[in-house]
Amino acid sequence: MKHQTLEQLQAIADVKPLAQSPVMTRRQRIERWAELLERHPGRCLGALAGTERLRLDARQAARADGSPISVALEDPLLKAAGLRNDTYGEALRFFELSDWQLHEIVCSCHVGATMQGKWAAARVRRTINGSRFLAWLRTVLLH
C-alpha cells in the first residue's frame, strides 16, 4: 500500500470529507429514544436515585449504569447527532427536556430502583404527546 497525502489523493481522486452529523429535530431525537427503549420492552433499566433532591451540580452529573439515558447513548445515530454522555444534565440538553420531564422518565421516586424498557418508552413518548396544560400547571404550582 502506497501512502499519500490528502493533497496527492485529491489530484487523482474525488475526495470528500466524512458526512456531517445528522441534523435531528427535538421530536426526532425523542422518538428515536423511545424506539430504542421499545426494542427491548422487558429490559431491566436502572433508575437515577432522588434527582429532585440533588443539588443542581450533582443532578447535572447524575447517572446510573443501564439507565434509559444509557440506552440512548448506546445508539450510534444519537451519538452522531451530538449526545455526549449518559448524565442527567446531558439528557436535559440533548433532548431539550425540562427538569420535571426528565425526572418523570428516570427518577427512582416513580419506579423504584429499576424499570422496564416499555415503561420508560411510554414516559419518553409522553414528553412529546403529553398535555401542555399539565406541564404549565406543574410549573405554576411549583414556582
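Just so it is clear, the structure is predicted and the values come from calculations on it, not from any experiment.

Glancing now at the overall build of the protein. A count of helices and strands for the protein gives 10 helices and 2 strands. In sequence order, the secondary structure elements of the protein are arranged as α-α-β-α-α-α-α-α-α-β-α-α. Considering the protein as a whole, with its 143 residues, one finds that 35% of them fall into the buried category. The contacts in the protein between residues at least 6 apart in sequence include a share of 61% that link residues at least 24 apart. With an accessible surface of roughly 9,000 Å², the protein has 55% of that area assigned to carbon and sulfur atoms.

W33, L37, L78, F95, L97 and L102 are the most contacted members of the largest nonpolar core, which totals 30 residues. Of all elements in the fold, only α2 (26-38), α4 (68-73), α6 (88-95), α7 (99-106) and α9 (117-129) reach the threshold of two or more residues within this core. With sequence-adjacent residues up to four places away left out, L78 is seen in contact with M24, R29, R32, W33, L36, A72, L83, F94 and F95.

Under the defined criterion, the tally for this structure stands at 2 aromatic pairs. Between F94 and F95, the ring centres sit 4.9 Å apart and the planes meet at 80°, which makes this aromatic pair edge-to-face. Judged by its relative accessible area of 0%, F95 is buried. The ring of F94 is capped by R29, whose NZ or CZ atom sits 5.2 Å from the centre of that ring.

Mapping S67 onto the fold places it in the loop between α3 (56-61) and α4. On the accessibility criterion, S67 (0% relative accessible area) is buried. Put simply, S67 and L48 are 19 residues apart on the chain and 7.4 Å apart in space, counted from C-alpha to C-alpha.

A side chain with one charge can pair with a side chain of the opposite charge if their charged atoms come near. This model, assessed by the stated rule, comprises 13 salt bridges. Notably, a salt bridge pairs R43 with E74, separated by 3.1 Å at the nearest N-O pair. Remark: E74 occurs in the loop between α4 and α5 (76-80) and R43 occurs in the loop between α2 and β1 (44-46); sequence separation between them is 31 residues. Assessed through its relative accessible area of 28%, R43 is described here as partly exposed.

Inspection of the secondary structure puts L78 in helix α5. Take L78: its relative accessible area is 0%, and that puts it in the buried class.

Now for the state of the cysteines. Working definition: the covalent bond between the sulfur atoms of two cysteines is a disulfide. Going through the model one piece at a time under the given rule, you end up with 0 disulfides. Of all cysteine sulfurs in the structure, the one in C107 sits closest to C109, which takes part in no disulfide; the separation is 3.6 Å. Exposure remark for C109: the relative accessible area of 45% places this residue in the partly exposed category.

What follows deals with the packing of α6 against α7. One can describe the packing of α6 onto α7 by two numbers: an axis separation of 10 Å at closest approach and a directional angle of 120°. With respect to their mutual orientation, α6 and α7 come out oblique. For the element pair α6 and α7, the recorded crossing hand is right-handed. Counted together, Y88, A91 and L92 of α6 and D99, L102, H103 and V106 of α7 form the full contact between these two elements. Of the residues contributing to the contact of α6 with α7, the split by class is 5 nonpolar, 1 polar and 1 charged.

Moving on, we come to the side chain of R32. With respect to the element layout, R32 can be found in helix α2. Taking the relative accessible area as the measure of exposure, R32 reaches 16% and is therefore buried. Apart from residues lying up to four places away in sequence, R32 is in contact with M24, R39, D75, L77 and L78.

Cut-offs applied
- Residues numbered from 1 in each chain as written.
- Predicted model: local features only at pLDDT ≥ 70, side-chain atom pairs only at ≥ 80, totals over all residues.
- Heavy atoms only, no water.
- Helix = DSSP H or I, 4+ residues; strand = E, 2+ residues; numbered from the N terminus.
- Buried < 20%, exposed > 50% of the residue type's maximum accessible area, 1.4 Å probe, protein only.
- Contact = heavy atoms within 4.5 Å.
- Areas by Shrake-Rupley, 256 points an atom, 1.4 Å probe, with all protein chains shown as cover.
- Core = buried A, V, L, I, M, F, W, Y, C linked by side-chain atoms within 4.5 Å.
- Phe/Tyr/Trp six-rings, centres within 6.5 Å; stacked < 30°, edge-to-face > 60°.
- Lys NZ or Arg CZ within 6 Å of the ring centre and 35° of its normal.
- Salt bridge = Lys/Arg side-chain N within 4 Å of Asp/Glu carboxyl O.
- Disulfide = S-S within 2.5 Å.
- Axes fitted to C-alpha atoms, helices over the stretch in contact; angles between N-to-C directions.
- Parallel < 35°, antiparallel > 145°, perpendicular 65-115°, else oblique.
- Left-handed = near helix turned anticlockwise from the far one by under 90°.
- Nonpolar A, V, L, I, M, F, W, Y, C, P; charged D, E, K, R; others polar.

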